[in-house]
Amino acid sequence: MRGLVIKNTGSWYTVKTDDGKVVESKIKGNFRLKGIRSTNPVAVGDHVRIVINAEGTAFITEIEDRKNYIIRKSSNLSKQSHILAANVDQAFLVVTINYPETSTTFIDRFLASAEAYRVPVVLVFNKVDLLSDEELRYQQMMMELYANIGYECHQVCAINQDDGTTGGFNSLLELLRDKVTLFAGNSGVGKSTLLNAFVPHAEARVAAISAAHNTGVHTTTYSEMHELPCGGYIIDTPGIKGFGTFDMNPEEITGYFKEIFRFSKDCRFSNCTHTHEPNCAVLKAVEEHYIAASRYESYLGMLEDKEEGKYR
C-alpha cells in the first residue's frame, strides 16, 4: 500500500494512504538510504510503501525516489545529517530582526543548503509590528540585500495578519496555494502563529519568547505536514538554533552563494577559493561593496566548517 508521511515523532511515522486512511507506522529493520548517514532515514513528505499488520499499525518497507530534500548537520552527531523534509516545492524561512534576532549567518547557511538541494526559498520577515523605526530601516536594508541577490522577501505581522504593506499575508497565501512548503526558522520567530493563520485547524502551540535572553522556546517538537484549505501542504518543523551544513565540498560552496558565484566567473584562477588569490573578482567585489560583507563572512565560515569540522 502506498502513502505519504505526514508526521514524524522520532519513533513513529504517520502515513496517509492514497485512499485516505491514516496509519501509524514504523521502519522495518535497518533502513539505509543510498549512503545518506541520517538520524531519520524517513522524512515528512516522503512517499512510502507500507504493509499493515494485524494490530492496525504498519511497517514502512520502501521509500520512493525523492525529487529533492533539505538536510542539516545533526547537532549531536556531527557525522550524521538530519533530513528536515522531502519532496518540497519551496521553503519559507521565517526570520525576525528582533524578538528574537535572526543572525545573517543562520539565514545564509539555510539559503546555501537550500541551493545545494534545489529548494527555492522565500524569506518571511515576521513581527514587523514590534519593530522600532530604526529596526524597520534595518529590516528594509536586509530585505533589499536578499532581494537584490534573487530571493523573494515579504514582511508580515502573523498576530493580526494585517501589516499594511504590499507583499504581506495575502501574497504569502497565494504563494502557498497548491504547493508543498517547508516552514523553517529559529525558535520564537512565529512559525506556529503563521501556521495557525494559514491552517486554523492545525492548532499549533505558541509561546512567548524569553524576556531574559530574547530567545525562542521550542513549541513544535516534531515535523508535521498540514493540509491547506486552498490546496497544498505546509510542513512545520521544530525551531532550529544553529544550521550546520552537511556533505558539501569546499569547492562547491561558491556555487551556493548566488552573487559570489556570478563574480567568481571573472576570477583569474578556475579553482579560486576567494580568500587570498591574486586577481580574485570576488574579493574585489567585496571591497567595492557589490557583495555584502555579511554574506562573504558567512561564506568564509562555511569554508572553515570544512577545514575544522566545526558545527554552527
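Computed from a predicted model, the values in this text were never measured in an experiment. (Residues numbered from 1 in each chain as written. Predicted model: local features only at pLDDT ≥ 70, side-chain atom pairs only at ≥ 80, totals over all residues. Heavy atoms only, no water.)

1. Some points on the pairing of strand E6 (residues 69-73)
Part 1 of the argument: The buried fraction of E6 amounts to four of the five residues, a majority that puts the element mostly inside the structure.
Part 2 of the argument: Sheet topology note: the E6/strand E7 (residues 81-86) ladder contains five bridges and is antiparallel. Pairing of Ile71 across the sheet is with Ile83, part of E7. (Buried < 20%, exposed > 50% of the residue type's maximum accessible area, 1.4 Å probe, protein only. Helix = DSSP H or I, 4+ residues; strand = E, 2+ residues; numbered from the N terminus. Pairing = 2+ DSSP bridges.)

2. Thoughts on the nonpolar core
Part 1 of the argument: In this structure, Leu93, Phe110, Leu123, Tyr146 and Leu182 are the most contacted members of the largest nonpolar core, which totals 59 residues.
Part 2 of the argument: Residue contacts for Leu123: discarding those within four places in its chain leaves Leu93, Val95, Ile107, Tyr146, Tyr151, Glu152, Cys153 and His154.
Part 3 of the argument: Val122, Leu194, Phe198 and Ile234 belong to the second-largest nonpolar core, a separate cluster that totals 20 residues. (Core = buried A, V, L, I, M, F, W, Y, C linked by side-chain atoms within 4.5 Å. Contact = heavy atoms within 4.5 Å.)

3. Considerations on unusual backbone geometry
Part 1 of the argument: Of the consecutive residues Tyr99 and Pro100, the connecting peptide bond is found in the cis state with omega at -5 degrees.
Part 2 of the argument: Mapped onto the elements, Pro100 comes out in the loop between strand E8 (90-95) and helix H1 (104-116).
Part 3 of the argument: Phi is positive for His274, close to 65 degrees, though the residue is something other than glycine.
Part 4 of the argument: Residue placement: His274 occurs in the loop between helix H6 (258-264) and helix H7 (281-287).
Part 5 of the argument: Despite not being glycine, Asn279 has its phi angle at roughly 55 degrees, a positive value.
Part 6 of the argument: Asn279 gets classed as exposed once you look at its relative accessible area, which sits at 54%.

4. Describing the pairing of strand E1 (residues 2-8)
Part 1 of the argument: Taken across its seven residues, E1 has five buried, putting it largely inside the fold.
Part 2 of the argument: By the bridge criterion, three bridges tie E1 to strand E4 (residues 47-52) in an arrangement that is antiparallel. Bridge pairing links Gly3 to Val48 in E4.
Part 3 of the argument: The pairing of E1 with strand E2 (residues 13-17) spans five bridges and is antiparallel. Each bridged residue has a counterpart across the sheet, and for Lys7 the counterpart in E2 is Thr14.
Part 4 of the argument: Connecting E1 to the antiparallel partner E2 that follows it, the hairpin turn spans four residues, and Gly10 within it adopts a positive phi of roughly 110 degrees.

5. A look at the confidence of the model for the protein
Part 1 of the argument: With 81% of its residues at a pLDDT of 70 or more, the protein has an overall mean of 86.
Part 2 of the argument: Mean pLDDT in the protein bottoms out at E6, which sits at 83, and peaks at H7, which reaches 98.
Part 3 of the argument: Of the regions scoring below 50 in pLDDT, residues 215-219 engages in 19 contacts with residues more than four places distant in sequence or in other chains.
Part 4 of the argument: The low-confidence segment residues 308-312 (pLDDT under 50) makes 17 contacts with residues lying over four places distant or belonging to another chain. (pLDDT = per-residue confidence, 0-100.)

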